[in-house]
Amino acid sequence: MSATTRPGTGPDRPGTPSDDRPDPTAPAATTDGTDRTADAEAADRPTPAAVVGGLVLVVALAALTRYLEQNVPVWTEGTPLGGVAKSVEFPVYAIALGLLGNAALLALNLRDRLAAAFRTELFIKTGVVLLGASVNLSLIVSAALPAIAQALLLITSVFLFTWWIGGRAGLDDKLRALLASAVSICGVSAAISAAGAVQAKREQLAYAASLVIVFALPSIFLLPWLAGLLDLSPAVTGAWIGGNIDTTAAVAAAGSIAGEDVLALATIVKSTQNALIGVVAIALTAYFAFKVERRPDAQAPGVGEIWRRFPKFVLGFLAASVIATVYLAQVGTDVGKPVIAVANDLRTLFFILAFVSIGLEFRAKALKDAGWRPVGVFAAATAFNLVAGLAFASVLFRGFELG
Amino acid sequence: MATPHTPSPADPTGTASPEEARRFHLNEDWAATVVGLVLLGLVLTGVLGADVVP
């Protein structure tokens, strides 16, 4: 499969001309400078058989995850591994199996063909909507103010830091905007939103998305471990995980490892950050149109843009919380809790599908492809985000009650 | 520099433009919302019970 880039316009090339925006009506260019034909584009599209094959693989690995999660503690009971096996949560099995599947597909040269079925975002967003059913509306209301304050502080500070350090490293302004949005808001979704706002090149978006996924994976395990080491409260842990980890899927994985209360708060904090994508996208659109590129035909973006870019699954999460809270109030907790537990089981299933997909779509090669400067900038921004997120969460969620 | 190729949920073939990827994500947002709420509705109305969910 051929990919698209123009010679000399890689993401770590400073000073890319601003008039080098891709023309959506023109055929894409290949690495050797030739135009890709419609036939070549069509050949890249996944076939239905490949999508079905990929889905079967994801579901099979998810079923294996469930099997291992339930049986490994039984098999190892009474052995030196018994204690460890009991503490291993399902995200660990799911991601590990996804990575193993990834390696196998790579060896068989099948990974790219089946990749269309690895729908991490769709699975995790569906899971997050279902998660809303187990989060009482009062928790969302009480967490809203500190969550909004943390989101505003983190997005501003991390975005500006990443923008600044990207400039010091000589990155192209558009790539700086993509990386800054990805680290400070919500990973791939934010990078996509920013790419539209600043009219970034498709390869810049691909680099940013790759870096997000590569950096998110270790943070899934690092943050719960560090939170335990630092003896953080569940509320601070949740706020730190939700504010710090870039992608919603990785937040859910880390939260699931840290505990049910942590997962609920981490999701509320992450959803708050997600909701601010539109505001940042509008600011970027205006900044690039009027300040960076000074386009004579530039028009101020409308407020409707905020709604257009708003992550709609956040509304689903809120709606599920409202529906479940009203339902429990009407039928009582004795009758309602077992029913909500079924929704929780469904949510876990979607989370497992998402975590398996995280492992399947992981590409360490992306680090090499990106060149050292974007990787260095992303690493520095992630470290800054880690420290700033901990500081804000510790102050804003100190003494916050989760139950 | 090597060419980027990142099949992802937003860009399965690694060749989608940012605008295509944005539209895909918005559709995915609505799809997740609808599927999630429909499943919740089925659970609350008893159509999907504990015996159905593995």
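The shown structure was predicted, so the numbers you read here are calculated from the model rather than taken from an experiment.

Thresholds, definitions, all that
Residues numbered from 1 in each chain as written. Chains lettered and ligands numbered in written order. Predicted model: local features only at pLDDT ≥ 70, side-chain atom pairs only at ≥ 80, totals over all residues. Heavy atoms only, no water. Helix = DSSP H or I, 4+ residues; strand = E, 2+ residues; numbered from the N terminus. Buried < 20%, exposed > 50% of the residue type's maximum accessible area, 1.4 Å probe, protein only. Contact = heavy atoms within 4.5 Å. Areas by Shrake-Rupley, 256 points an atom, 1.4 Å probe, with all protein chains shown as cover. Phe/Tyr/Trp six-rings, centres within 6.5 Å; stacked < 30°, edge-to-face > 60°. Lys NZ or Arg CZ within 6 Å of the ring centre and 35° of its normal. Salt bridge = Lys/Arg side-chain N within 4 Å of Asp/Glu carboxyl O. Core = buried A, V, L, I, M, F, W, Y, C linked by side-chain atoms within 4.5 Å. Axes fitted to C-alpha atoms, helices over the stretch in contact; angles between N-to-C directions. Parallel < 35°, antiparallel > 145°, perpendicular 65-115°, else oblique. Left-handed = near helix turned anticlockwise from the far one by under 90°. Nonpolar A, V, L, I, M, F, W, Y, C, P; charged D, E, K, R; others polar. UniProt positions renumbered as here; feature names shortened; annotations may be inferred. Patch = residues over 30% accessible without salt bridge, like charges linked within 9 Å, V, L, I, M, F, W, Y side chains within 5 Å.

Undergrad: Hey, could you go over the overall build of chain A for me, with residue numbers and the actual values?
TA: Summing up its helical and strand segments, chain A has 19 helices and zero strands in all. Out of the 403 residues in chain A, the part that is buried amounts to 55%. In chain A, once contacts between residues fewer than 6 apart in sequence are set aside, the share between residues at least 24 apart is 80%. Only carbon and sulfur atoms are counted for the fraction: they give 65% of the accessible area of chain A, which is about 16600 Å².

Undergrad: Give me the lowdown on the packing of aromatic side chains, citing residues and values where you can.
TA: All names here are of chain A. Scanning the model with the defined rule gives eleven aromatic pairs over all chains in all. Consider the rings of phenylalanine 161 and tryptophan 164, whose centres lie 6.0 Å apart with planes at 50°: the pair is tilted. Remark: tryptophan 164 and phenylalanine 161 occur in helix α7 (residues 137-168); sequence separation between them is three residues, near one turn of the helix. Between the aromatic rings of tryptophan 163 and tyrosine 287, the centroid separation amounts to 6.0 Å while the plane-to-plane angle is 85°, which identifies the pairing as edge-to-face. Residue tryptophan 163 is found in helix α7, and its partner tyrosine 287 is found in helix α14 (residues 277-292); the two are separated by 124 residues along the sequence. Looking at tryptophan 163, the relative accessible area reads 15%, which means it is buried. Aromatic rings pair up to connect Phe159, Trp163, Tyr287 and Phe288 into one cluster. Sitting above the plane of the tryptophan 163 ring, arginine 176 keeps its charged end 3.9 Å from the centroid.

Undergrad: Which residues make up the side chain of A:Ser181, and what values do they have?
TA: Its location among the elements puts A:Ser181 in helix α8 (residues 173-186). Non-local contacts of A:Ser181, meaning those with residues more than four positions away in its chain, are made with A:Phe159, A:Cys186, A:Ala190, A:Ala194, A:Val280 and A:Leu284.

Undergrad: Please give an account of helix α12 (residues 248-258) of chain A that cites residues and values.
TA: In terms of residue burial, α12(A) counts as a mostly covered element, since nine of its eleven residues are buried. Within α12(A) the residues assigned to the buried category are A:Thr248, A:Ala249, A:Ala250, A:Val251, A:Ala252, A:Ala253, A:Ala254, A:Gly255 and A:Ser256.

Undergrad: Residue-level account of the pattern of salt bridges, with values.
TA: Counted under the stated rule, the structure contains six salt bridges over all chains. Across the pair B:Glu28 and A:Arg119 runs a salt bridge whose closest N-O atoms are separated by 3.6 Å. In this pair, B:Glu28 is assigned in helix α1 (residues 18-44) and A:Arg119 in the loop between α5 (111-114) and α6 (120-131), connecting two distinct chains. Take B:Glu28: its relative accessible area is 2%, and that puts it in the buried class. We classify A:Arg119 as partly exposed; its relative accessible area is 24%. Its salt-bridge partner being A:Arg347, residue A:Glu260 comes within 2.7 Å of it at the nearest N-O pair. In this pair, A:Glu260 is assigned in helix α13 (residues 260-275) and A:Arg347 in helix α17 (residues 333-361), connecting sequence segments 87 residues apart. For A:Arg347, a relative accessible area of 4% corresponds to the buried category. Overlapping salt bridges bring together A:Glu121, A:Lys125 and B:Asp29 as one network.

Undergrad: Describe the nonpolar core, and please don't skip the residues or the numbers.
TA: Grouped together as the largest cluster of nonpolar side chains are 132 residues, with contacts concentrated most on A:Leu265, A:Leu284 and A:Phe355. Excluding residues within four positions of it along the chain, A:Leu284 makes contact with A:Phe159, A:Ala177, A:Ser181, A:Ala194, A:Ala197 and A:Val198.

Undergrad: Can you break down the packing of α6(A) against α17(A) residue by residue, with the values?
TA: Residue and element names in this part refer to chain A. Close contact between α6 and α17 brings their axes to 8 Å; oriented N to C, the two are set at 160°. Taken together, the axis directions place α6 and α17 in an arrangement best described as roughly antiparallel. Helix-helix and strand crossings are classified by hand; for α6 and α17 the assignment is left-handed. Facing Thr120, Phe123, Ile124, Thr126, Gly127, Val128, Leu130 and Leu131 of α6, the residues of α17 in contact are Ala343, Leu346, Arg347, Phe350, Phe351, Leu353, Ala354, Phe355, Ser357, Ile358 and Glu361. Taken together, the residues that form the contact of α6 with α17 break down as 13 nonpolar, four polar and two charged.

Undergrad: Could you give an account of the UniProt feature "transmembrane region" (unreviewed entry) in chain B, naming the residues involved and the relevant values?
TA: On the UniProt side, "transmembrane region" (unreviewed entry) is annotated at positions that read residues 30-53 of chain B here. Taken as a whole, residues 30-53 of chain B contains 62% helix and 0% strand, while its terminal C-alpha atoms sit 23 Å from one another.

Undergrad: Can you break down a nonpolar patch on the surface residue by residue, with the values?
TA: Together, A:Leu64, A:Tyr67, A:Val74 and A:Trp75 make up an exposed nonpolar region whose accessible area comes to about 420 Å². Within the fold, A:Tyr67 resides in helix α2 (residues 48-75).

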